[in-house]
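Here is how the chains run, residue by residue.
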Amino acid sequence: MSEDFSSPDLPVPEELQGQVSITTLDKIYNWSRRSSVWPMMFGLACCAIEMICVAASRYDFSRFGMEVMRPSPRQSDLMIVSGTVTKKMIPQIVRLYNQMPEPKYVLAMGACASGGGPFKEGYNVVSGVDKFVPVDVYVPGCPPTPQALLHGLITLQEKIDKQSISSVHWYQKEASEPIPVPILGPDLIDPRDISKISGRTSPTSESESVAGS
């Protein structure tokens, strides 16, 4: 562990090696977060079965400090979107994401969560969860193997290693705004698109303006 923390730019005298380690605050901060990522106990479809396999004894992601899968979003760091994202489910996904505290991450597991998968052309399926929540890591496959999910989790750890306290958005002065929860009606409506929809001129109003001129 001391080798991971030590900085080669500031050498430690030989007589103090093994007793003193010089490092940065970012390294300690990122090491503590990457080694205690708590995924949310959350599954959507068949990919969730592979996620369960990763938590079992054969693959055992407790080696990475991730064995504490929390049933509450308020105690979770990572949302693993494992399965088909339907229009009926995406409002609940966004609501759970908003309830997670910062820093938080999203992993899209499988072809369905990443881009709609084999159901992409279906009337009730969202073509990728990244249209509504920011995704940090994509794991391809239908379904991905447990090894693929492990690789995705390791990739997330590598991303955490590169972050800095001085630049991450959750330590900035501006408060982070929650993502508007999509509205499910005859079709799915993203509240962020309402201004664009209402700004369009209807054919009736166009004809009225032409007649008036």
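See the structure printed just above.
Because the structure is predicted, anything quoted here is derived from the model rather than measured.

**Q** Teacher, can you tell me more about helix 6 (residues 146–161) here?
**A** Given a rise of 1.5 Å per residue, 16 residues ought to cover 22 Å, and the 23 Å separating the end C-alpha atoms of helix 6 matches this to within 8%. Within helix 6, the full set of buried residues consists of P146, L149, L150, G152, L153, L156, Q157 and I160. Seen end-on, helix 6 carries its buried residues on one side only, within an arc spanning 160°. In this fold, the buried residues of helix 6 make contact with helix 2 (25–34), helix 3 (47–55), strand 1 (78–82), strand 2 (105–109) and strand 3 (137–139).

**Q** Honestly, unusual backbone geometry in this entry has me stumped. Any pointers?
**A** Excluding glycine, a negative phi dihedral is what most residues carry, and trans is how most peptide bonds are arranged. Following E102, the chain continues to P103 via a peptide bond in cis, the omega torsion being -5°. Topologically, P103 is positioned in the loop between helix 4 (90–99) and strand 2. The linkage connecting C142 with the following residue, P143, adopts the cis geometry, with an omega of -10°. The residue P143 is located in the loop between strand 3 and helix 6 in this model. With a phi close to 55°, D60 is a non-glycine residue in the positive phi region. Locating D60 in the fold gives a position in the loop between helix 3 and strand 1. Taking the relative accessible area as the measure of exposure, D60 reaches 26% and is therefore partly exposed.

**Q** Can you help me understand the packing of helix 3 against helix 6 in this one?
**A** A pair of packed helices is characterised by two quantities: the angle between their axes and the separation of those axes. Close contact between helix 3 and helix 6 brings their axes to 9 Å; oriented N to C, the two are set at 75°. Compared by their axis directions, helix 3 and helix 6 come out roughly perpendicular. Between helix 3, through E50, M51, C53 and V54, and helix 6, the contact on the second element is made entirely by P146, L149 and L150. Of the residues assigned to the contact of helix 3 with helix 6, the class counts are 6 nonpolar, no polar and 1 charged.

**Q** I would appreciate a short explanation of the side chain of S164 in the present structure.
**A** By secondary structure assignment, the location of S164 is in the loop between helix 6 and strand 4 (183–184). A relative accessible area of 17% places S164 in the buried class.

**Q** Explain helix 2 here, please?
**A** Buried residues of helix 2: Y29, N30 and R33, and no others. An end-on view of helix 2 places all buried positions within 95° of arc, on one side of the element. Taken together, the buried residues of helix 2 touch strand 2 and helix 6.

**Q** Even after reading the chapter, I still don't get the sheet that holds strand 2, so can you show me in this structure?
**A** Whether parallel or antiparallel, the strands of a sheet pair through hydrogen bonds between backbone atoms. Strand order in the open sheet formed by 3 strands is 1-2-3, with parallel pairing between adjacent strands. For this open sheet the edge positions go to strand 1 and strand 3, each flanked by a neighbour on one side alone. Each strand axis lies, on average, 15° off the axis of its neighbour in the sheet, ignoring direction. One ladder, built from 5 bridges, connects strand 1 with strand 2; its direction is parallel.

**Q** What am I meant to see in the nonpolar core here?
**A** Core analysis: the largest hydrophobic core is formed by 24 residues, its most contacted members being F61, L78, L107 and L153. Listed by contribution, the elements that provide at least two residues to this core are helix 3, strand 1, strand 2, strand 3 and helix 6. Counting residues per element, this core draws most heavily on helix 6, which supplies 5 residues. The residues contacting L107, other than those within four sequence positions of it, are L78, M79, I80, V81, V137, V139, L149, G152 and L153. Formed by 20 residues, the second largest nonpolar core is a distinct cluster that contains M40, M100, V106 and A108.

**Q** What is the right way to read the pattern of salt bridges from this model?
**A** Charged atoms that come close allow side chains of opposite charge to pair. Per the counting criterion, the structure on display carries 4 salt bridges. In this structure, D161 engages R34 in a salt bridge whose closest nitrogen and oxygen atoms are separated by 2.8 Å. Taken together, the residues D161 in helix 6 and R34 in helix 2 connect sequence positions 127 residues apart. A relative accessible area of 37% means that D161 is categorised as partly exposed. D136 is paired through a salt bridge with K159; the nearest N and O atoms lie 2.8 Å apart. Remark: K159 occurs in helix 6 and D136 occurs in the loop between helix 5 (110–115) and strand 3; sequence separation between them is 23 residues. When its relative accessible area of 25% is taken as the criterion, D136 is described as partly exposed. Under the relative-accessibility criterion, K159 is labelled partly exposed at 32%.

What counts and what doesn't
- All residue numbers refer to position in the chain's written sequence, counted from 1.
- Only residues with pLDDT of at least 70 are given local features in this predicted model, and only at 80 or more are side-chain atom pairs given and counted; all residues enter the totals for whole chains, interfaces and linings.
- Based on all heavy atoms of the structure, the side-chain values leave hydrogens and waters out of the count.
- Helix and strand labels come from DSSP, where a helix needs a run of H or I of at least four residues and a strand needs a run of E of at least two; each type is numbered from the N terminus.
- Each residue after the first adds 1.5 Å to the expected span of a helix.
- Accessible area is worked out with a 1.4 Å probe on protein chains only. A residue is then buried under 20% of its type maximum, exposed over 50%, and partly exposed in between.
- The directions from the helix axis to the C-beta atoms form the arc being described.
- Whether two residues are in contact is decided by their heavy atoms, any of which lying within 4.5 Å being enough.
- Only C-alpha atoms enter the line fits that serve as axes; for helices the fit covers just the stretch in contact. Angles between N-to-C directions range over 0 to 180 degrees.
- Orientation labels follow simple angle bins: below 35 degrees gives roughly parallel, above 145 gives roughly antiparallel, 65 to 115 gives roughly perpendicular, and whatever is left gives oblique.
- Gly falls in the polar group here, along with every residue not listed as nonpolar (Ala, Val, Leu, Ile, Met, Phe, Trp, Tyr, Cys, Pro) or charged (Asp, Glu, Lys, Arg).
- One requirement defines pairing of two strands: DSSP has to find at least two bridges between them.
- Side-chain atoms within 4.5 Å link the members of a nonpolar core, which is a set of buried Ala, Val, Leu, Ile, Met, Phe, Trp, Tyr and Cys residues.
- Here, a salt bridge means any side-chain nitrogen of Lys or Arg that lies within 4 Å of a carboxyl oxygen of Asp or Glu.

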